[in-house]
Amino acid sequence: MADVTVKQLADTVGAPTDRLLRQMKEAGLGHTSEEEQVTEDQKQILLAYLKRSHGASEEAPRKITLKRKSHGTLKAGQGRAGRNVSIEVRRKRTYVKRGEADEAPEKPAAPASAGATQSELEAARIREEEQARKAAEELARNEEAERKAEAERKAEEERRKAEEEARQAEEERLAKEREAEAEKAAQQQNQQKTAEEASPVSAADIQAKEQSEQKGGKRSKAKDKDRRNDDFGGKGRRRELSLKSERRSKRKQSQRQAPLQVDQQGGEFKPTEFISREVEIGEVNTVSEIAQAMAVKASEVIKSLMGLGVMATINQALDQDTATLVVEEMGHKVKLVNEDALEEKHVASLAIEGETSPRAAVVTVMGHVDHGKTSLLDYIRDTRVTSGEAGGITQHIGAYRVQAGDSDITFIDTPGHAAFTAMRARGARVTDIVILVVAADDGVMPQTEEAIQHAKAAEVPIIVAINKMDLEGADPDRVTNELAAKEVVPEDWGGDTQFIRVSAMTGDGIDELLEAVVLQSEIMELGAIEEAPGQGVVIESRLDRGRGPVATVLVQNGTLRQGDIVIAGESYGRVRAMLNDQAQATKVAGPSQPVEVLGLNGTPAAGDDFSVVTDERSARELAEFRSDRSQEHRQAMQQAAKLENMFANMAEGEKRILKLVVKADVRGSLEAIVQALADIGNDEVGVQVLGSGVGGISESDATMAITYGAAVFGFNVRADKAAKTMLEREGVDLRYYSVIYELLDDVKNVLSGMLTPELREEIVGVAEVRDVFKSPRYGAIAGCMVVEGTVSRNKPIRVLRDNVVIYEGELESLRRFKEDVNDVRNGTECGIGVRNYNDVRVGDQIEVFDAKEVAREL
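Now for a quick tour of the structure. (Residues numbered from 1 in each chain as written. Predicted model: local features only at pLDDT ≥ 70, side-chain atom pairs only at ≥ 80, totals over all residues. Heavy atoms only, no water.)

### Details of the packing of aromatic side chains
Per the stated rule, a full pass over the model turns up two aromatic pairs. Taken together, a centroid distance of 5.3 Å and an interplanar angle of 65° make the contact between phenylalanine 713 and tyrosine 737 edge-to-face. Residue phenylalanine 713 is found in strand 29 (residues 711–715), and its partner tyrosine 737 is found in strand 30 (residues 734–737); the two are separated by 24 residues along the sequence. Summarising the burial analysis for this pair, phenylalanine 713 and tyrosine 737 share the class buried. An angle of 15° between the planes, with centres 4.6 Å apart, marks the rings of tyrosine 807 and tyrosine 837 as stacked. One end of the pair, tyrosine 807, is in strand 35 (residues 804–816); the other, tyrosine 837, is in the loop between strand 38 (829–834) and strand 39 (845–854), with 30 residues separating them in the sequence. For tyrosine 837, a relative accessible area of 12% puts it in the buried group. Over the ring of tyrosine 736 we find arginine 718, and its NZ or CZ is 4.5 Å from the ring centre. Between arginine 798 and the ring centre of phenylalanine 849, over which it is positioned, the NZ or CZ distance is 3.9 Å. (Phe/Tyr/Trp six-rings, centres within 6.5 Å; stacked < 30°, edge-to-face > 60°. Helix = DSSP H or I, 4+ residues; strand = E, 2+ residues; numbered from the N terminus. Buried < 20%, exposed > 50% of the residue type's maximum accessible area, 1.4 Å probe, protein only. Lys NZ or Arg CZ within 6 Å of the ring centre and 35° of its normal.)

Below you can see the structure in the form of structure tokens.
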């Protein structure tokens, strides 16, 4: 290093010049001016003086202390009474450096004024290195001695362990020999007893034999005692081996045959070998269940979930995909378990093949109250049943069969349409044709509209029966016009609906009505397989005081026989008896035939599917499984049916529809609301009014809303107790309004939330390329000047050349003065690296923009 002046040295060490000159004078240096030169040797002399003045020693440390800890186990006691004790061995060694007087005569100290020469300093350094090397060699020798002692100790433990195992093996061998000897003696005694019973002997002979056996037994016991003493090391180690101790020794021996490899570290035992397990993953799994299946702590599973970006607690439920990722992340095998295995197996068993034969049509009669629906059914039944069955026979069930020409027709009476709605809710296509009864003197009424809505929702063809044509005030043209306004257009007007004018009192038009039903069924080509296990749907069920649960079922496919085991929804049982629609006992029911079934363990719900199963055990398991799933599904639907969450469950790319059931106090308000709701929406969202009417919200309205996933709006009306209870139980949204604008505003807000948000771009910064550099790591680096806004690292960018976008991507790096930065402001230079793009040129512009989602409104 070049010499420096006193002033430069003072600036370097941060001390005043006059104080530095005073210290140099005290150290024996003759510097008096701040411009005089200071050599390297003079710096060393000054440094040595300052160290001595502050009490520092120039000698190397004269003592080194080394500490060491080791952990292990030590067996205390002998035999089975011994136990392993964790021990900790602490060692401490101190190494002291010998003084100069022990190695060589004391040398006179060099005068401080003259300073130490370079050769003397080098010699001192060499001596210190030699001393450090010797200390390191001594430490290595001590560690080698400790390792040898540790190895000898482990070898001694292994030897003692082997001796213990050999001794226990010898004990087992002796125990087995004694058992064999005892068994052999018992066999000999049995043989001897048998021989004595076979040949008579005298009492004297028996007494002499017993005395000899006693003497021999004493001698054998003494010999056995001596032998045990020899085997176990003399008198002081005698033991009695009972059957219990022998079993205990065998159990310990089996446990010692495959010892677990563990690390003994601080008394804590941790398995060193990882065990990969097969973990069953269902549709829903809690963290504790997954941890238990993998035989690990729940905290480890939670830690793995945090690594995957999922925050969970020990009782939180995970879906199947997340649970699979966690199990595979922790090195175990995944076995996916389908919880619907019972249901899938049952559905697979219902798949039948065979020759299809025509079946009778299933017809449901609907209509408003007092429009003649019941009279029409009674007339058809009384005139179309076979002779001997007509008149005076009470109809026990809500379904029966009649004959129309060469065809049979099955009619289902569903008052209030409850069974029909429940069937539709469970996806059962029971009804083939709907007969809509409308009174010619009354026209279309609210329940008529409800029947039309049900039929259209189920996509079932309608045949209109204009009843009460025998009355003077009958006006069938008005009925036709009103139905056409409800999109039920007659064939004469170019529609697809048959209109038949009938009279339930005189019987006029009944034949034409039945012919229309037969024609419609022929067009539909209805068929079923008869030679197969029966399956169908439950129409209604009740609990009879004398007969127990009674279910009315409609066979849709196959044949139901007495004695079959059936499952219907959450109920099951063996068919003890069947009654047809004339209350006559029958043993066989074919397709499209309604029967009453006795023998179920409960009353299934209307619309539940029923089918024949092979055994009662599988039916019971499936019924219990359905009951559990029904409870889970009801809880899940309470959240899914909320109005605020409806749009989250809709598929993307489709028009999103908000389904409503609207009830109002007067017809004018209802028509205004329905018309205003129809005008709200666009190509992406819309409103569909499934049901509307005048009056309070009834149970049928609630059933429709639950079935089709709709919300219920009441305008100046309220729900009755039954409807309100049903809606609250199923979690369907129910809202009341008194101002029409509030209703429309709420619908607009919901539809706006269902709209896809709009993406808007905002330019936040522009940088102009002034120069281009090459980087081995990032490729082309653009030296830029920010001319507008702020350039950010984590935002998308575009590269413009002559005001034309040539590339769109993101930044690879953003630096300023060789430091990575997140933002560079206007008027500042920076270096920009564009990811996967190296064709940056001088004069290009790099535009940074930000894309934001903006909620759209109607």
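Having seen it, we continue.
### A word on the nonpolar core
Judged by nonpolar contacts, the single largest core of 26 residues is most densely connected at Leu376, Ile409, Phe411, Ile435 and Leu513. Secondary-structure elements contributing two or more residues to this core are strand 12 (361–367), helix 12 (373–384), strand 13 (399–404), strand 14 (407–413), strand 15 (433–439), strand 16 (462–467) and helix 16 (510–524). Here this core gets six residues from one element, more than from any other, and that element is helix 16. If near-sequence neighbours (up to four positions away) are discounted, leucine 513 is found in contact with Leu376, Ile435, Ile463, Ala465, Ile500 and Val502. (Core = buried A, V, L, I, M, F, W, Y, C linked by side-chain atoms within 4.5 Å. Contact = heavy atoms within 4.5 Å.)

### Topic: the packing of helix 8 (residues 287–294) against helix 9 (residues 298–307)
The contact between helix 8 and helix 9 brings their axes to 8 Å, and the two run at 115°. One element, helix 8, and the other, helix 9, form an angle in the roughly perpendicular class. Our pair here, helix 8 against helix 9, has a crossing hand that is right-handed. Between helix 8 and helix 9, the residues in contact are Val287, Ala291 and Met294 and Ala298, Val301, Ile302 and Leu305, respectively. Grouping the constituent residues of the contact of helix 8 with helix 9 by class yields seven nonpolar, no polar and no charged. (Axes fitted to C-alpha atoms, helices over the stretch in contact; angles between N-to-C directions. Parallel < 35°, antiparallel > 145°, perpendicular 65-115°, else oblique. Left-handed = near helix turned anticlockwise from the far one by under 90°. Nonpolar A, V, L, I, M, F, W, Y, C, P; charged D, E, K, R; others polar.)

### Digging into the side chain of threonine 828
By the element assignment, threonine 828 lies in the loop between strand 37 (823–824) and strand 38. Of note is the side chain of threonine 828, whose polar atom sits 3.3 Å from the backbone oxygen of arginine 825. If sequence neighbours within four positions are ignored, threonine 828 has contacts with Cys784, Met785, Val786 and Arg816. (Polar contact = N/O pair within 3.5 Å; in protein donor to acceptor, adjacent residues only side chain to side chain.)

### So, the environment of aspartate 839
The residue aspartate 839 is located in the loop between strand 38 and strand 39 in this model. A sequence separation of 67 residues divides aspartate 839 from valine 772, and the C-alpha atoms of the two residues are 9.8 Å apart. Among all residues touching aspartate 839, those that are not within four sequence positions of it are Arg801 and Asp844.

### As for the sheet that holds strand 27 (residues 656–664)
Sheet architecture is open: four strands sit in the order 28-27-29-30, paired in parallel fashion. Two strands bound the open sheet, and with one partner strand each, they are strand 28 (685–694) and strand 30. When strand polarity is set aside, the average angle formed by the axes of neighbouring strands in this sheet is 25°. For strand 27 and strand 29, the ladder comprises five bridges, and the chain directions are parallel. When the sheet's bridge partners are listed, leucine 660 is paired in strand 29 with alanine 711. Contacting strand 27, strand 28, strand 29 and strand 30, helix 21 (residues 740–754) crosses the sheet at an angle of about 165° to strand 27. (Pairing = 2+ DSSP bridges.)

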